[in-house]
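Report on the structure
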Amino acid sequence: MLFSSITFLYFFLPATIFLYFASPQKGRNLVLLVMSLLFYAWGEPVYVLLMLAQIAVSYALLWLVDRYRARRAGGIFYILSVLLPFMALFYFKYFNFFMDTVFGIRTKAIALPIGISFYTFQIASYCVDVYRGRVERQKNIVTYAAYVTLFPQLVAGPIVRYSEIERILTRGADLSHIRMNFGNGMVRFAVGLGKKVLIANVAGEFVSEIAALGQRDILLSWAYAAAVAIQIYFDFSGYSDMAIGLGSMLGFDFPENFRYPFISKSVSEFWRRWHITLGAWFRDYVYIPMGGNRVSMPRWIGNVLVVWLFTGLWHGAGWNFIVWGLMFAVLLVFEKGAGRLYDRRRFLPEAVLSGIRHVYVGIVILVSFLVFHNDSLSGAWADIQALFGAGSRIARNAGDTQMAVYAYLFRNRIVMLCIGLIGSVPFPAWLWTKLRARMQAGAAGDRIVHILRTVVTAGLLVLCTAYLIDGSFNPFLYFRF
Amino acid sequence: MKRYKWEWGIALGSFLVCLAGTMVIWTVDPEETVSRSERRRLAQKPELTWESLADKSFMDDTEKYLLDHFPFRDGLRRIKAYFAYDVLQQKENNDIYVVQGHAAKLEYPLNEASVKRLAAKMTGLWQQYFPEQDVWYAVVPDKNYFLAEKNGYPSMDYERMIRLLSQELAKNAEFGYIDIISDLTIDDYYNTDTHWRQERILDVAHHIADAMGVGGSLNFSKGEDTGFTEHEIRDFYGVYYGQAALPMEPDTIVYLTDEVTETAVMWSLEENMPGGAEAGKVRMPGEAGAVLKPVYRLDKLDDGKSLDKYDVFAGGASSLQVITSPDAVTDRRLVIFRDSYTSSLVPLLLGAYREITLVDLRYIDSARIGEYVDFDGADVLFLYNTAIVNHAEMLK
């Protein structure tokens, strides 16, 4: 089920909120589990059984780990508990690609269960954390299943670790906590919905329009790259906002997944702001166990390459994702080396350096998302060449009619692009904070702020509903992961 | 804490009122089966079965059903249109733009492969069915031809389209081109619809008839007193009205009748394919039991089956129709390969042809038409609008 669907907004969500708060504290995890399974089964009626099987197997294996912890068998059960979810992920996501790449054998297409990359990582991190004693094994299978299937973040993140929501799952959220957070959660959800429906989907239309042309001029090539980046960012961060908002409404505090990544001044900073929970997962469960940066330089480079190869592959079984991941590895190594060299003799004023770094990251973002967006490397290369006026995508002898089409397409979406660019930097949040502070200074300021916030939220809901009614096709990009 | 209490109250209260209110309205709102503004049938409540659950069709159909039956659907679509136009400053909504009081659908760029495909299709038909006969073709410009370029919208290179079509046809066959584009202006089209107005294309009909050598047989003049009686059908919301989702004044359909159109009868393939014991048979015109209808299908306005008032002209979409005109001045026969624009033109040609056959290759395979159509001795005309020329893949 999509968050941005009428079924979810006007049936599933009110019913879930009602049942969740109407049930006694002890029964809430069961309500969450049942509703989460319904949510997943609505989109994956068959693969819901796969998810349940994975929950049951990992639960049983961890029980065996606990029972045989002191013996060798305990270690074997632990390895199995981590390995089995990844084997399922490998089969559904990478088997075709592996057979084709390694053996040149084209195998029958296997449908990818929605969200398998997300819940596999959640199960694996839970198993590791239990084995290493970071968290206690959850003995109640309903509570454990509620953690894995928790619908707000089940199919597109953020990747929530058990330790982050253990308290709410085991003890329940107290009413005062929910009272404080419900309104914020509602606003966050509506903002996320708006990001997805009003920006990402519209940017997606623009991307499709340009792609359908086949050829374009340089200006439109840059607009295309910007629209791709805006579409991916608003789609994914919109989903994360909705997930975090829903979590707040139900009493959970999910981790942030995006912090204005487009304002970064380096690739390493970008990845501290983009898909934060995935980066943290790889850091804690792959990079640091391999030694992190406390190793020799060649080994460190190897660690970086491995982590970014996996990061790329996590996003999809394709050469474009591998290149995309490795590209960041190379840039991270380059940044570290260049940083050390520059630190020896700083010759640029800070403002100039800052500007250069912003331009550098901006180009990296645009280029990397073209690689990410394309199904093939040749398509990505053609799109990248077009940014510099070269390659097959550039119309060399465009007539007046063709140029008029390019100009029209650009003019038609320029406001959306501007809104997208402004919305991807902290300016709107800064403006709201200032405005709120000014209004709250008055006698009835608090009330005005909250009434205004509620009206804006309702307005966003109506507008998004209007868009959903008018066009029914709006799949989330990150569902394919 | 007190602050959070009323904050929580406002948040939860408004949330529940908003969502639950919609659910209540949904429940009490009478269920519609058609959307007149969008001119389409709305999705029906899906049936819940194990199969429909397993193959996910129940979920998909439920989504469609809920979207189609959402309360205030038209109003919400209008809100979306205003947001797209006024806030995002888009120049179109769902590819529909409104200028000079007209709604039109963007159509660009020129698809040269499609033009060549159409030429190949026409040539193939000529070689297979009527290699010895006189064949003409004409192209009806869509509204973009008049509106797009001068209002800053992208458009096709229409000159290139016609030139390419002519060049491709000239390679293997001899087709006579009838240039009707210069006979038309934007005022000859409905404001809310794609089609031309019948009462404004008398000169087009004359031009075509003249080119085919039957102009002298037409029973109307191009002047003020045409000899036709005008009838009006009000409140015609054309195909672009629903898609634009913006307030527009409805059009009035004017259809023209005289003795010739009154006596003409129309046979269509779909209405002469009986079921039951006779399933698989076709009752051809002149055979016992064949269903014949008038050329103006007023019954389509009332039977609830048609969502488009333009269907009054020759009954709307049909793969194959034969119109017999007993009061025609000549005994000549005409076969028109056509789209929906021909539906309103063909009554004007009935004075000159005893029989006109209309073939719509969007609905019938060209390999099958030999079973039903006698080309021997007939004039042949290809009359397509530019949107079809640009999307010839839809012709079978």
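Rules used in this analysis
- Residues numbered from 1 in each chain as written.
- Chains lettered and ligands numbered in written order.
- Predicted model: local features only at pLDDT ≥ 70, side-chain atom pairs only at ≥ 80, totals over all residues.
- Heavy atoms only, no water.
- Helix = DSSP H or I, 4+ residues; strand = E, 2+ residues; numbered from the N terminus.
- Buried < 20%, exposed > 50% of the residue type's maximum accessible area, 1.4 Å probe, protein only.
- Contact = heavy atoms within 4.5 Å.
- Lys, Arg positive; Asp, Glu negative; His and termini not counted.
- Charge placed at Lys NZ, Arg CZ, Asp CG, Glu CD.
- Phe/Tyr/Trp six-rings, centres within 6.5 Å; stacked < 30°, edge-to-face > 60°.
- Domains from an automatic or database assignment.
- Buried area = accessible area lost by both parts, 1.4 Å probe.
- Salt bridge = Lys/Arg side-chain N within 4 Å of Asp/Glu carboxyl O.
- Polar contact = N/O pair within 3.5 Å; in protein donor to acceptor, adjacent residues only side chain to side chain.
- Core = buried A, V, L, I, M, F, W, Y, C linked by side-chain atoms within 4.5 Å.

Another aspect to go through is the overall build of chain B. Scanning chain B from terminus to terminus reveals 13 helices and 14 strands. Each of the three principal axes of chain B carries a C-alpha extent, and together these read 90 × 60 × 45 Å. Residues classed as buried in chain B amount to 54% of the 396 residues present. A fraction of 71% describes how many contacts in chain B between residues 6 or more apart in sequence connect residues 24 or more apart. Measuring between centres, the 42 positive side-chain charges of chain B sit 7 Å from its 64 negative side-chain charges.

Residues and elements named next belong to chain A. Topologically, Ala280 is positioned in helix H11 (residues 276–287). Assessed through its relative accessible area of 14%, Ala280 is described here as buried. With 121 residues separating them along the chain, Ala280 and Ile159 place their C-alpha atoms 9.4 Å apart.

Residue and element names in this part refer to chain B. Tallying each qualifying case throughout the model produces 83 aromatic pairs over all chains. Their ring planes at 40° and their centres at 5.0 Å tell us that Tyr137 and Tyr177 sit as a pair that is tilted. Note that Tyr137 is positioned in strand E5 (residues 135–140) and Tyr177 in strand E6 (residues 176–177), a separation of 40 residues in sequence. Classification of Tyr137 by relative accessible area gives buried; the value is 3%. With centroids separated by 6.1 Å and ring planes inclined at 10°, the aromatic side chains of Phe337 and Phe375 adopt a geometry described as stacked.

What follows is about the domain arrangement of chain A. Residues and elements named next belong to chain A. Domains assigned within chain A are domain 1 (6–172) and domain 2 (181–480). Here domain 1 and domain 2 share an interface that buries about 3500 Å² over both sides, 74% of which is from carbon and sulfur atoms. In terms of surface lost to domain 2, no three residues of domain 1 exceed Phe97, Pro158 and Arg161, which account for 17% of the buried area on that side. For the pair domain 1 and domain 2, the number of links is one salt bridge. Taking the shortest distance from any N to any O, the salt bridge between Asp284 and Arg161 comes out at 2.8 Å. Scanning the region where domain 1 abuts domain 2 turns up nine residue pairs in polar contact (both at pLDDT 80 or more). If one sorts the elements of the side of domain 1 that touches domain 2 by residue count, helix H1 (residues 6–22) sits on top with eight residues.

Attention shifts here to the nonpolar core. Residues A:Phe8, A:Phe252, A:Trp274, A:Phe369, B:Trp196 and B:Leu345 are the most contacted members of the largest nonpolar core, which totals 224 residues. With residues near it in sequence (within four places) discarded, A:Phe369 still touches A:Val228, A:Ala229, A:Ile232, A:Phe262, A:Phe270, A:Trp274 and A:Trp324. Counting 46 residues, the second largest nonpolar core, distinct from the first, contains B:Leu118, B:Tyr137, B:Met156 and B:Leu164.

Scanning the model with the defined rule gives 33 salt bridges over all chains in all. Between B:Arg160 and B:Glu112 there is a salt bridge, and its shortest N-O distance comes to 2.9 Å. Of this pair, B:Arg160 sits in helix H7 (residues 158–170) while B:Glu112 sits in helix H5 (residues 112–129), and the two are 48 residues apart along the sequence. Between B:Arg332 and B:Asp379 there is a salt bridge, and its shortest N-O distance comes to 2.7 Å. Remark: B:Asp379 occurs in strand E14 (residues 379–385) and B:Arg332 occurs in the loop between strand E11 (320–324) and strand E12 (333–338); sequence separation between them is 47 residues. Overall, B:Arg332 belongs to the partly exposed group, its relative accessible area being 31%. Relative accessible area serves as the criterion here: at 8%, B:Asp379 is assigned to the buried category. Linked by salt bridges that have partners in common, A:Arg188, A:Lys195, A:Asp241 and A:Glu256 make up one network.

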